[in-house]
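Chains, contacts and geometry: an overview
Chain by chain, the residues run as shown.
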Amino acid sequence: MTHRLEDIIALFDGLFQETYRTRLVRGGDDPLYLPADADSPWHRVIFARGFFTSALHEISHWCIAGAKRRQLEDYGYWYLPDGRDVAQQRDFEAVEVAPQALELLFSRACGLRFHVSVDNLDGDAVVDREAFHARVEARARRYEREGLPSRADAWRRTLAAFYDQGLPLCEAVASGRARLAAPPQPA
């Protein structure tokens, strides 16, 4: 299966450009979220270096961010780069469980293998990648039991329709839009 950047951008933009004034943008070295401003009428989810998996990860953060957070650059969150100590790494992992759980579900929906990101190659903290992966898996199961946030659910349905069911792009987007328009489903 081919995972082309043009497809994921078209799927995301088709689903969210009109409904949330948000576009997916291929970026440089660092991912970033930018709300609409004088330079752009669109909110922008910018993924790093043209990596498909970076797009899925950044979309997962966007799917969790509430309306107020989506008005702030990078949702108003802090980010400590590679080189975190033990306490900083623990905090990083605590806030990354939910978005990485969504990323895992998105990866499965489009037939990609998922890898957790502990994102601390040069830090002092000893990272237990397997334990973190187990927490991410547990959170993904909880999402499946209790239901995904509506944008995440619509996005996962769009990905599955395109990559798993082989629907044309316009039909895959339509399936996601139908989910956005539907009332929330009980868990």
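Everything here concerns the structure above.
Read on for an overview of the structure. (Residues numbered from 1 in each chain as written. Predicted model: local features only at pLDDT ≥ 70, side-chain atom pairs only at ≥ 80, totals over all residues. Heavy atoms only, no water.)

A few points about the environment of R139
Checked against the element boundaries, R139 lands in helix α4 (residues 129-146). Remark: the alpha-carbon pair of R139 and Q100, spanning 39 residues in sequence, is separated by 8.8 Å. The residues contacting R139, other than those within four sequence positions of it, are V97, A98 and A101. (Helix = DSSP H or I, 4+ residues; strand = E, 2+ residues; numbered from the N terminus. Contact = heavy atoms within 4.5 Å.)

What about the pattern of salt bridges?
Two side chains bearing opposite charge may form a pair once their charged atoms approach each other closely. Scanning the entire structure with this criterion turns up nine salt bridges. Among the ionic pairs, R49 bridges to D29, the shortest N-O distance being 3.6 Å. Placement of R49 in the loop between β3 (43-47) and α2 (52-64) and of D29 in the loop between β1 (22-26) and β2 (32-34) is noted, with a sequence separation of 20 residues between them. E144 serves as the salt-bridge partner of R156, at 3.4 Å between the closest nitrogen and oxygen. One end of the pair, R156, is in helix α5 (residues 150-164); the other, E144, is in helix α4, and 12 residues separate them in sequence. Residue classification places R156 among the partly exposed residues on the basis of a relative accessible area of 22%. Using a relative accessible area of 43% as the deciding quantity, one classes E144 as partly exposed. (Salt bridge = Lys/Arg side-chain N within 4 Å of Asp/Glu carboxyl O. Buried < 20%, exposed > 50% of the residue type's maximum accessible area, 1.4 Å probe, protein only.)

Here's the deal with the sheet that holds β2
Taken in spatial order, the three strands line up as β1-β3-β2 in an open sheet, and their pairing is mixed. Edge positions in the open sheet fall to β1 and β2, since each of these has one partner strand only. Within this sheet the neighbouring strands show an average axis-to-axis angle of 20 degrees, counted without direction. In this fold helix α1 (residues 5-20) packs onto β1 and β3, with an angle of close to 155 degrees to the strand it touches most, β1. Where α2 meets the sheet, it contacts β1, β2 and β3, and its direction lies at approximately 140 degrees from that of β3. (Pairing = 2+ DSSP bridges. Axes fitted to C-alpha atoms, helices over the stretch in contact; angles between N-to-C directions.)

Quick word on the environment of D37
Relative to the elements of secondary structure, D37 occurs in the loop between β2 and β3. You can call D37 partly exposed: its relative accessible area is 40%. For D37 and Q71, which are 34 residues apart along the polypeptide, the C-alpha to C-alpha distance reads 9.7 Å. Separated by 3.3 Å, the side chains of D37 and R44 make a polar contact. (Polar contact = N/O pair within 3.5 Å; in protein donor to acceptor, adjacent residues only side chain to side chain.)

A closer look at the nonpolar core
Ranked by size, the top nonpolar core spans 44 residues in total, and within it I8, I59, F106, W155 and L159 carry the most contacts. Elements with a minimum of two residues in this core: α1, β3, α2, α3 (86-109), α4, α5 and α6 (169-181). No other element matches α5, which puts eight residues into this core. Beyond its immediate sequence surroundings of up to four residues, W155 is in contact with I8, L11, F12, L15, F16, L56, I59 and F106. (Core = buried A, V, L, I, M, F, W, Y, C linked by side-chain atoms within 4.5 Å.)

Considerations on the side chain of D153
You can see D153 is positioned in helix α5. D153 sits in the buried class, given a relative accessible area of 8%. Once residues lying within four places of it in the same chain are set aside, the contact partners of D153 are L148 and R179.

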